Amino acid sequence: MPLPPHALSVRRTIGSLCVAAALLCVSGAAARTDEAVDVIIRGGTIYDGGEGEPFVGDVAIRGDRIVDVGPTSAHAAARIIDAKGMIVAPGFIDPHTHADSFIRSPDHAVRVNAAWLDQGVSTVMIGVDGSGTPDVAADAGRLAGSGIGTNIAPFVGFGAVRQRVLGQDARAPEPAELASMKALVAGGMCDGAMGLSTGLFYAPQSFATTGEVVAVAREAGVRGGLYDTHQRDESSYSIGLLGSVKEAIEIGKQAGMPVHFAHLKALGVDVHGQAGAVIAAIDAARKSGLEVTADQYPWLASGSSLDASLLPRWAVDGGGAALLKRLDDAATLARIRGEMRDNLRRRGGAGALLLIAQGFSWTGRTLEQVAGEWQMDPRDAALRIIRQSIEAKSGEEKGGAAVASFNMAQADVDLLMKQPWMVTSSDGSDGHPRMFATFPEKYVRYVRERKVIDLATFIRQSTGRTADIYKLDRRGYLRPGFFADVVVFDPDQYAPRADYMHPRELSVGVRKLFVNGALAVDDGRTTGVAAGRALLRPPPPGCTGQR
């Protein structure tokens, strides 16, 4: 059974006391080497998640904790893993995922989350882009109780909150409605959320003013949360890329909270080459004292949908049913088609939109190819797919409007990747290879082949720096007393297998992956063990009786 919020809070409090006692025991017995441990990972090249140099040594694990990291370990061990020639690092942390089709599956074998485990990922963030339920504790309890392969760390989502109060409407909240939205965010933070996530590009979140977002975000800020945002415009749709970056920074300043840009990019031909200006704006904000960070995936194609990519925001006011009515009105349809022309240009044309929803006649083909076969304008082909997608969502089939949009310039991706405040994320979503292959893709293309960054930076961007940004408790580093999330991978074999035409191929090269001390990947294969936990923050002061 899922635990009620008060039980989760009690459990977290008890857990914190137990952890403190355990750390005292570890520090008091650090010099003892005669105590048996469960596992020693021996002789690998250790990157501990920090800024220090790698070294060849051992990692000792007992239960769910690391008890020793160093050049040699004299502990007796039930199992010794020979890691000679391997890289040993903290389990990777993915700060921006859409893993719901895995972690919410009724099938235990799917909930193991092999797509991420086989990349070496031990922790994923959920509830991103504003999607996170405000019922954080209940949802986390259900997920952890069902058995999941990776740790999860949830956000409360601005979109979920706004829809609960305002539905799909393009209007400002009344004072009482705004108070309800703020209360939902406060409750989610008291339940242990990482912070507030937004997806201001997407309707109905796009209908919110900056002031509305600030008012709601402040409830997360005063409770120690992070503002994690899919910003309002990554291109030139509305306020422009640079205007959108400035808006996100201003929200953080006014709400009194750190700002984190999700999947930071310069999207589309209108903004290619603007990565330098984005970096300058972020660096200026950091110099002023605001914590600003970002994550990024190593792909040149984003993942979205035809409606989000091509339709004007006003056209989706009120949701799918309202859109269908507008499409049935000749004058409104003509206006929609007119605005779609410029949106299609922003995205690089119909040939740059690859249809990736699985199981449809158009799967794996570009919008240009499908429009040619149907002998119609690409805009009309897109509207046909969008219409079918909306109608299918009320039935048993899933909609088919998902796309991979090839809209980024390599030089922008490279420049952003080199920044000291950047970390790795997948934005993993169904139909895009980033779900199955982001971390090895970055390693192979950007470390080994193109040498944009070095191995130490890759690991730092995938582990300790991410844990620091999200304030994850004793995660992201190989240190005594920290949780035993540990990956062992072969630097010569670690590689992606998924691509845009075959997006669900598991990655290779991870030899071992421990999640909370349990072996989740062994000899390159998932074990079926579901050792993931819900990583909830301790309730901040003033949360008693919040729910």
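Residues numbered from 1 in each chain as written. Predicted model: local features only at pLDDT ≥ 70, side-chain atom pairs only at ≥ 80, totals over all residues. Heavy atoms only, no water.

As for the overall build of the protein chain
Helix and strand counts for the protein chain come out as 19 helices and 22 strands. For a compact globule of 547 residues, the expected C-alpha radius of gyration is about 24 Å, and the protein chain comes in at 23 Å, within 12% of that figure. Seen through its principal axes, the protein chain has C-alpha atoms that stretch 80 × 50 × 50 Å. Split into buried and exposed, the 547 residues of the protein chain put 57% on the buried side. Summarising the internal contacts of the protein chain: among those between residues at least 6 apart in sequence, 75% fall at separations of at least 24. Surface summary for the protein chain: the accessible area is close to 20600 Å², and the carbon and sulfur share equals 54%. Separation between the mean location of the 59 positive side-chain charges and that of the 61 negative ones in the protein chain comes to 2 Å. (Helix = DSSP H or I, 4+ residues; strand = E, 2+ residues; numbered from the N terminus. Rg over C-alpha atoms; globule rule 2.2 N^0.38 Å. Buried < 20%, exposed > 50% of the residue type's maximum accessible area, 1.4 Å probe, protein only. Contact = heavy atoms within 4.5 Å. Areas by Shrake-Rupley, 256 points an atom, 1.4 Å probe, with all protein chains shown as cover. Lys, Arg positive; Asp, Glu negative; His and termini not counted. Charge placed at Lys NZ, Arg CZ, Asp CG, Glu CD.)

Let's talk about the packing of helix α12 (residues 320-327) against helix α13 (residues 330-346)
Between α12 and α13, the least distance of the axes is 6 Å, while the angle of their chain directions is 105 degrees. The angle between α12 and α13 falls in the class roughly perpendicular. Listed contacts from α13 to Leu323, Arg326 and Leu327 of α12 are Thr332, Leu333 and Ile336. Class assignment of the residues belonging to the contact of α12 with α13 gives a composition of four nonpolar, one polar and one charged. (Axes fitted to C-alpha atoms, helices over the stretch in contact; angles between N-to-C directions. Parallel < 35°, antiparallel > 145°, perpendicular 65-115°, else oblique. Nonpolar A, V, L, I, M, F, W, Y, C, P; charged D, E, K, R; others polar.)

Topic: the sheet that holds strand β14 (residues 301-305)
Think of a sheet as strands paired side by side through backbone hydrogen bonds, with each pair either parallel or antiparallel. With respect to topology, four strands assemble into an open sheet ordered β14-β17-β15-β16, the strand pairing being antiparallel. Both edges of this open sheet fall to β14 and β16 (365-366), since each of them pairs with a single strand only. The sheet contact formed by strand β15 (residues 353-355) and strand β17 (residues 402-406) spans three bridges and is antiparallel. Paired with leucine 353 across the bridge in β17 is serine 405. (Pairing = 2+ DSSP bridges.)

Observations concerning empty space enclosed by the protein
Tallying each qualifying case throughout the model produces three cavities of 30 Å³ or more. Approximately 50 Å³ is the volume attributed to the largest cavity. Residue composition of the lining of the largest cavity, by class: three nonpolar, three polar and two charged. (1 Å grid on protein atoms, 1.4 Å probe; cavity = no way out; pocket = protein on both sides within 12 Å on 5 of 7 lines; lining within 4 Å. Points joined across faces, edges and corners; volume = space filled by probe spheres on them.)

A few points about the environment of valine 112
Relative to the helices and strands, valine 112 is located in the loop between α3 (108-111) and α4 (114-117). Along the chain, valine 112 and glycine 149 lie 37 residues apart, while their C-alpha atoms are 3.9 Å from each other. Once residues within four sequence positions are removed from consideration, valine 112 is found in contact with Leu117, Gly149, Thr150, Thr526, Gly528 and Val529.

Notes on the packing of aromatic side chains
Within the structure shown, the criterion is met by 17 aromatic pairs. When the ring of phenylalanine 155 is compared with that of tyrosine 470, the centres are 5.9 Å apart and the planes differ by 80 degrees; the resulting orientation is edge-to-face. Linking phenylalanine 155 in the loop between β8 (151-154) and β9 (156-157) with tyrosine 470 in helix α19 (residues 464-470), this pair joins segments that are 315 residues apart in sequence. When sorted by exposure, phenylalanine 155 lands in the same class as tyrosine 470, which is buried. An aromatic cluster is defined as three or more aromatic residues linked by ring pairs; in this entry it consists of Phe92, Phe439, Tyr443, Phe458, Phe489 and Tyr494. Its guanidinium or amino end placed over the ring of phenylalanine 201, arginine 313 lies 5.0 Å from that ring's centre, counting from NZ or CZ. Above the plane of the ring of tyrosine 297 lies arginine 434, whose end atom (NZ or CZ) is 4.9 Å from the centre. (Phe/Tyr/Trp six-rings, centres within 6.5 Å; stacked < 30°, edge-to-face > 60°. Lys NZ or Arg CZ within 6 Å of the ring centre and 35° of its normal.)

Section: the nonpolar core
Among the nonpolar cores identified, the biggest contains 51 residues, and Phe92, Trp116, Tyr443, Leu455, Phe458, Phe489 and Tyr494 are the most heavily contacted of them. Here this core takes eight residues from helix α17 (residues 434-449), the largest share from any one element. Contacts of leucine 455, omitting those with residues within four sequence positions, involve Tyr47, Ile87, Tyr443, Val447 and Phe489. Counting 44 residues, the second-largest nonpolar core is a separate cluster that includes Leu200, Ala220, Met422 and Leu536. (Core = buried A, V, L, I, M, F, W, Y, C linked by side-chain atoms within 4.5 Å.)

Some details on the environment of proline 378
Structurally, proline 378 is set in helix α15 (residues 378-393). As a C-alpha pair, proline 378 and leucine 367 span 11 residues in sequence and 6.4 Å in three-dimensional space.

What about the sheet that holds strand β11 (residues 226-230)?
An order of β9-β10-β11-β12-β13-β18 is seen for the six strands of this open sheet, with the pairing classed as parallel. In this open sheet, the two strands that pair with only one neighbour each are β9 and β18 (422-424). Relative to strand β10 (residues 195-199), β9 runs parallel, the two being bridged by two bridges. When the bridges of β10 are listed, valine 156 appears paired with leucine 196.

A look at the pattern of salt bridges
For the structure shown, the criterion picks out 35 salt bridges. When salt bridges that share partners are traced, they join Arg79, Lys512, Asp522 and Asp523 into one network. (Salt bridge = Lys/Arg side-chain N within 4 Å of Asp/Glu carboxyl O.)

Let's talk about the packing of helix α10 (residues 275-287) against helix α16 (residues 410-417)
Taken N-terminus to C-terminus, the directions of α10 and α16 make an angle of 25 degrees; their axes are 9 Å apart at the nearest point. The pairing of α10 with α16 is recorded here as roughly parallel in orientation. Contacts from Ala275, Gly276 and Ile279 in α10 reach Asp412, Leu415 and Leu416 in α16. Taken together, the residues that form the contact of α10 with α16 break down as four nonpolar, one polar and one charged.

Comments concerning the confidence of the model for the protein chain
In the predicted model, the protein chain carries a mean pLDDT of 91, and the fraction of residues at 70 or more is 92%. Counting interchain partners and residues more than four positions distant, the pLDDT-below-50 stretch residues 1-32 has 28 contacts. In the predicted structure, residues 394-398 sits below a pLDDT of 50 and forms four contacts with residues beyond four places in sequence or in another chain. (pLDDT = per-residue confidence, 0-100.)

Focus on unusual backbone geometry
The linkage connecting alanine 203 with the following residue, proline 204, adopts the cis geometry, with an omega of 5 degrees. Here proline 204 is to be found in the loop between β10 and α8 (210-221). You will see that aspartate 427, though not glycine, has its phi angle at about 50 degrees, which is positive. Of note, aspartate 427 is situated in the loop between β18 and α17. Residue aspartate 427 is classed as buried on the basis of its relative accessible area, which comes to 5%.

Observations concerning α8
Taking 1.5 Å of rise per residue, the 12 residues of α8 would be expected to cover 16 Å, and the 15 Å separating its terminal C-alpha atoms lies within 8% of that figure. Burial analysis of α8 places nine of its 12 residues in the buried class, which makes it a mostly covered element. Along α8, the positions that sit buried rather than exposed are Glu212, Val213, Val214, Ala215, Val216, Ala217, Glu219, Ala220 and Gly221. Summarising the contacts, the buried residues of α8 are in contact with α6 (158-166), α7 (175-190), β10, β11 and α9 (241-255). (Expected span 1.5 Å × (residues − 1).)

Overview of the pairing of strand β21 (residues 518-522)
With four bridges connecting them, strand β20 (residues 510-515) and β21 associate as antiparallel partners. Counted as the bridge partner of lysine 512 is aspartate 522 from β21. Between β20 and β21, which pair antiparallel and follow one another directly, the connecting turn spans two residues, one of which, asparagine 516, has a positive phi of 55 degrees. Pairing of β21 with strand β22 (residues 525-526), which is carried by two bridges, proceeds in the antiparallel orientation.

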